[in-house]
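# Coordinates in review
Below are the chains, spelled out letter by letter.
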Amino acid sequence: MEQEVFVPVPAERLRAALADPAQVARAVPGLQQDAGTEPVAGRLKVRVGGHTITYRGALRVSPREDGAYALEGDATEVRGSGVVKPILTLWLREAEAGTTLRFEGTASADGRIAELPSEAVDAAVTRLLNRFATNLAAETAETAETAETAETAEAAEAAEAVDADALDDAADHVDAGNAIDDVDDVDESPVPGAVFEAEVSPAGLEDLAGPGEPPAEAAHARRTMIGRSAEEVDHAPPRGRYAPVPAPQTVVPNSTLRWAAPAAALVVASAIVVGRALRRRG
């Protein structure tokens, strides 16, 4: 049995797909994988003429040293005792704008399929191999598209990360510029020389000179507070320089009253003198 199929896919992609059992399983037309079985194992319905036969089995794909691939299968009828064992060799030959897949091999079969016409069996096998090659090429195309999409997404994420970093850097530069402007807007600090040129009052010099001899009023106040109770000290009026200053007198005496008292005293004194003189004469 020989069969050639052309697909518009490079040979490197087909070799990568044949090395992946999951892609090989998806390429087998009509294969229903059973849970917990090998990647390329399950149930397969084959239509031969007007008959449909369901097989359960597995397919193994292994590379050979000469660059070809060995395809070995073992399947048993689900509703019968028939067994099919295909042994094929797959060659990949590069062609213009694609690759040619060449299948060579034999198969042993018994059961229901052995009772059907050979022409119908050959047509079913040819259709099965053509669909397998087409599905395998489609798998490689989808895988390549997925890889390109992933690379594009990664590139987009990297570009977004670069843009975000650039925006952050720009924001940092803007913040730094605003900080410099704020520093420029601050009033300039006084020149150190102006501090020494400023006039200082004598009171300020006394404060700078530190505590000296206490004033006499303060010493007297401390002496008078010794031996007195805290309540007396708290209620005692301050003395000396801390004593309250009396309010200035706002009532001004009348100038007439100011001279009336001395005049009255003079009149009284004159009356006394006159009275004494009259007594002496009498």
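### With respect to the environment of Ala97
Here Ala97 is to be found in the loop between strand 6 (83–95) and strand 7 (98–109). Residue classification places Ala97 among the exposed positions, given a relative accessible area of 65%. Each C-alpha atom, one on Ala97 and one on Val9, is 7.3 Å from the other, the two residues being 88 residues apart in sequence. Here Ala97 is in contact with Phe6, Pro8 and Val9, once residues within four sequence places are set aside.

### Some thoughts on the sheet that holds strand 1 (residues 2–7)
A sheet is described by the order of its strands in space; here seven strands give the open sequence 1-7-6-5-4-3-2, paired in antiparallel fashion. Either end of the sheet is taken by a strand with one partner, and the two such strands are strand 1 and strand 2 (31–33). Adjacent strand axes in the sheet meet at a mean angle of 30 degrees, parallel and antiparallel pairs treated alike. Where strand 2 lies against strand 3 (residues 41–48), three bridges are found, and the strand directions are antiparallel. Directly across from Leu31, in strand 3, lies its bridge partner Leu44.

### With respect to the pairing of strand 5 (residues 69–77)
Taken residue by residue, a regular strand's side chains alternate between the two faces of the sheet. Pairing between strand 4 (residues 51–63) and strand 5: nine bridges, direction antiparallel. Its bridge partner being in strand 5, Ser62 is matched across the sheet by Ala70. Bridge count between strand 5 and strand 6: six bridges; the pairing is antiparallel. Counterpart to Ala70 in the pairing with strand 6 is Thr89. Hairpin connection, strand 5 to strand 6: the antiparallel pair is bridged by five residues.

Scoring rules and cut-offs
Residues numbered from 1 in each chain as written. Predicted model: local features only at pLDDT ≥ 70, side-chain atom pairs only at ≥ 80, totals over all residues. Heavy atoms only, no water. Helix = DSSP H or I, 4+ residues; strand = E, 2+ residues; numbered from the N terminus. Buried < 20%, exposed > 50% of the residue type's maximum accessible area, 1.4 Å probe, protein only. Contact = heavy atoms within 4.5 Å. Pairing = 2+ DSSP bridges. Axes fitted to C-alpha atoms, helices over the stretch in contact; angles between N-to-C directions.

Just geometry here; none of it tells us what the structure is for.
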